Every structure is written in C-alpha cells, then in structure tokens.
Amino acid sequence: EQDMPLKNKKVLVTAGPTREPLDPFRFITNYSSGKMGYAIAAEARKMGADVILISGPTNITPPKGVKVIYVETAQQMFEEVLKYYGDIDIVIKAAAVSDYRPVAYSNKKIKKQNEVNIELIKNPDILFELGKLKKHQVLVGFAAETNNLEEYAMEKLKSKNLDMIVVNEIGQKDSGFANDTNIIQIITNKGEKISYPKLDKGECAINILKKTLEFLKQVD
Ligand code: C5P
C-alpha cells in the first residue's frame with residue numbers, strides 16, 4: 001500500500017539518554033532529549049508499523065499507538081531490546097547510550113569529601129551485540145560526532161554490522177541534541193551517502209524510514 005508501507009512490520013526504536021546511578025541522588029547521563037527517536041516511533045506508526053519504543057528518561061509524551069518501555073540504565077535497555085529482537089523487522093537505535101557506568105553503586109548518599117574518584121566501567125555496546133546476532137533484521141545506528149563525521153560513521157557501520165547509519169553533527173546550531181530540527185546524512189552498507197538539508201525531526205524520521213524499506217527482506 002502507498003501510505004502504509006510498514007504495515008505488518010515490527011519496528012523497534014530506542015530513544016533518549018541512559019542514566020547510570022552513583023547513589024540514590026546522582027547519576028551520569030548526557031544531553032539526549034529523545035526527540036529524534038520519538039519522532040521515528042511516531043512516523044513508523046503512521047506508516048503502519050507495530051512499534052516498540054524503548055526509552056530512557058525524557059520529557060516527551062509518547063506517540064499514540066506505540067508500545068513504550070521505560071528504562072534507566074544501558075544494561076536495562078540491553079535486556080529489553082534482547083527480549084524483542086528476534087521478532088523485529090527494523091531496529092533503529094537512536095538512544096544515546098552511556099558508554100560507561102560507575103563500578104560501584106552506593107545505597108547511601110555519597111558524603112562530601114575534598115576529593116572523590118569515580119571509577120567507571122564500560123557498558124555493553126548494544127548495537128554491536130545486535131550486529132553480531134543479526135539475521136533478517138534491518139539494523140540502523142546513529143552516529144553523533146563533533147568531528148570527522150563520515151570517517152567515524154563508516155567505521156561504525158562496518159564494525160557494528162549495520163545496514164545504515166544516520167550521521168548528525170552535534171554541537172551545531174539546528175542539529176543534534178534537544179533541537180527540533182536536524183541535519184542528517186545517511187550512509188548505507190551499499191556505499192550510498194545521502195545528505196539532507198536542515199529538516200524538522202519528523203521529516204528526518206520519514207527519510208530514515210523510507211530508506212529502511214529498501215533493506216527489508218522478503219520474509220512473508
Ligand atoms: O559508537 P557510538 O556510541 O558512537 O555508536 C552510536 C550508536 O551505537 C547509536 O546508534 C547508539 O544507540 C549505539 N550504542 C549502543 N550501545 C552503546 C553505545 C552506543 O547501542 N553502549
């Protein structure tokens with residue numbers, strides 16, 4: 001069908017930041033607003049998909065008709081994604097997952113001291129693990145970089161076994177975190193590079209989803 005190209009398709013989107021707690025009051029996080037991921041979930045639903053949105057903490061009201069699962073930490077996000085992955089047609093990992101978490105969690109508030117050292121340990125790279133487990137799924141990653149955009153993005157596309165990567169420059173006006181607009185580039189594992197002008201995040205979402213259609217395997 002023309003305007004329901006994702007009918008009977010299952011789309012899983014991750015969005016927002018993760019929170020990695022230090023004690024009951026404090027956590028490590030990043031500036032992700034979740035807007036890009038929520039826009040993708042909303043547009044995928046409009047295109048007819050069954051949508052699961054796995055979201056870190058955001059201030060956004062979830063789109064209607066989308067199943068939302070809230071998580072805090074990267075490890076929780078990983079567990080939830082794995083529960084659904086086998087059955088999903090398109091995975092879009094828009095979440096800004098914290099690369100590290102504190103080694104120790106203190107049940108009591110950490111007291112004021114002159115010097116505090118926080119030891120961090122690496123979180124699982126969810127997308128990398130999904131790339132290893134990939135069968136029929138179309139796998140889409142994001143690369144938010146401040147420099148050497150294309151080079152880093154191509155590396156990620158390969159090392160994480162992705163079909164597509166969406167590149168956005170952070171720290172630029174009108175692009176990246178918290179903005180309503182984004183300036184994206186899509187790089188595919190077929191060697192295509194498509195640059196888009198500054199667009200509303202909804203429009204970016206439509207472009208990303210349209211591109212994924214070309215990668216859908218004919219399983220039905
Ligand atoms: O390597 P980098 O973190 O820049 O890659 C970004 C992409 O990888 C995003 O799609 C992000 O959701 C995903 N990612 C992940 N798990 C991590 C780190 C990043 O799934 N621990």
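Residues numbered from 1 in each chain as written. Predicted model: local features only at pLDDT ≥ 70, side-chain atom pairs only at ≥ 80, totals over all residues.

1. Considering the overall build of the protein
Consideration 1: In terms of regular secondary structure, the protein is built from five helices and 14 strands.
Consideration 2: Dimensions of the protein, computed from the C-alpha atoms along their principal axes, are close to 60 × 35 × 35 Å.
Consideration 3: The 220 residues of the protein split such that 38% are buried.
Consideration 4: Of the contacts formed within the protein by residues at least 6 apart in sequence, a portion of 61% connects residues at least 24 apart. (Helix = DSSP H or I, 4+ residues; strand = E, 2+ residues; numbered from the N terminus. Buried ≥ 20, exposed ≤ 12 C-beta atoms within 10 Å, placed from the backbone. Contact = placed C-beta atoms within 7 Å.)

2. Section: the sheet that holds strand S12 (residues 184-188)
Consideration 1: The eight strands lie next to each other as S5-S4-S1-S6-S9-S10-S12-S13, forming an open sheet whose pairing is mixed. Two strands bound the open sheet, and with one partner strand each, they are strand S5 (67-70) and strand S13 (193-195). Taking the axes of each pair of neighbouring strands and ignoring which way they run, one obtains an average angle of 15° across the sheet.
Consideration 2: Where strand S9 (residues 138-145) meets strand S10 (residues 164-169), six bridges bridge the pair, whose relative direction is parallel. (Pairing = 2+ DSSP bridges. Axes fitted to C-alpha atoms, helices over the stretch in contact; angles between N-to-C directions.)

3. Side note on the UniProt feature "binding site: CTP" (unreviewed entry) in the protein
Consideration 1: On the UniProt side, "binding site: CTP" (unreviewed entry) is annotated at positions that read Asp99, Lys109, Pro124, Asp125, Ile126, Leu127, Phe142, Lys156 and Lys160 here. Spanning 62 residues, the named residues are also spread out in space, since their farthest C-alpha pair is 37.9 Å apart.
Consideration 2: With respect to the helices and strands, Ile126 occurs in helix H3 (residues 126-133).
Consideration 3: Residue Ile126 is classed as buried on the basis of its 26 C-beta neighbours within 10 Å.
Consideration 4: Topologically, Phe142 is positioned in strand S9.
Consideration 5: Aside from chain neighbours lying at most four places away, what touches Phe142 is Lys93, Ala94 and Val166. (UniProt positions renumbered as here; feature names shortened; annotations may be inferred.)

4. A closer look at the pairing of strand S4 (residues 50-55)
Consideration 1: Taken across its six residues, S4 has five buried, putting it largely inside the fold.
Consideration 2: One ladder, built from six bridges, connects strand S1 (residues 10-15) with S4; its direction is parallel. Note that in S4 the partner of Lys10 across the bridge is Asp50.
Consideration 3: Pairing of S4 with S5, which is carried by four bridges, proceeds in the parallel orientation. Across the sheet, Ile54 pairs through a bridge with Ile69, a residue of S5.

5. Quick look at the site of the ligand
Consideration 1: Of all residues adjacent to the ligand, which total 13 residues, the nearest are Lys93, Val97, Ile126, Leu127 and Gly141.
Consideration 2: For the shell around the ligand, the secondary-structure elements that each account for two or more residues are H3 and S9.
Consideration 3: Here the element with the most residues in the shell around the ligand is S9; it accounts for three residues.
Consideration 4: Grouping the constituent residues of the shell around the ligand by class yields seven nonpolar, two polar and four charged. (Near = placed C-beta within 6 Å. Nonpolar A, V, L, I, M, F, W, Y, C, P; charged D, E, K, R; others polar.)

6. Side note on the nonpolar core
Consideration 1: Judged by nonpolar contacts, the single largest core of 53 residues is most densely connected at Val13, Ile40 and Ala44.
Consideration 2: Per element, the largest residue contribution to this core is seven residues, and it comes from helix H1 (residues 35-46).
Consideration 3: Among all residues touching Ile40, those that are not within four sequence positions of it are Val13, Ile92, Ala94, Ala205, Ile208 and Leu209. (Core = buried A, V, L, I, M, F, W, Y, C linked by C-beta atoms within 7 Å.)

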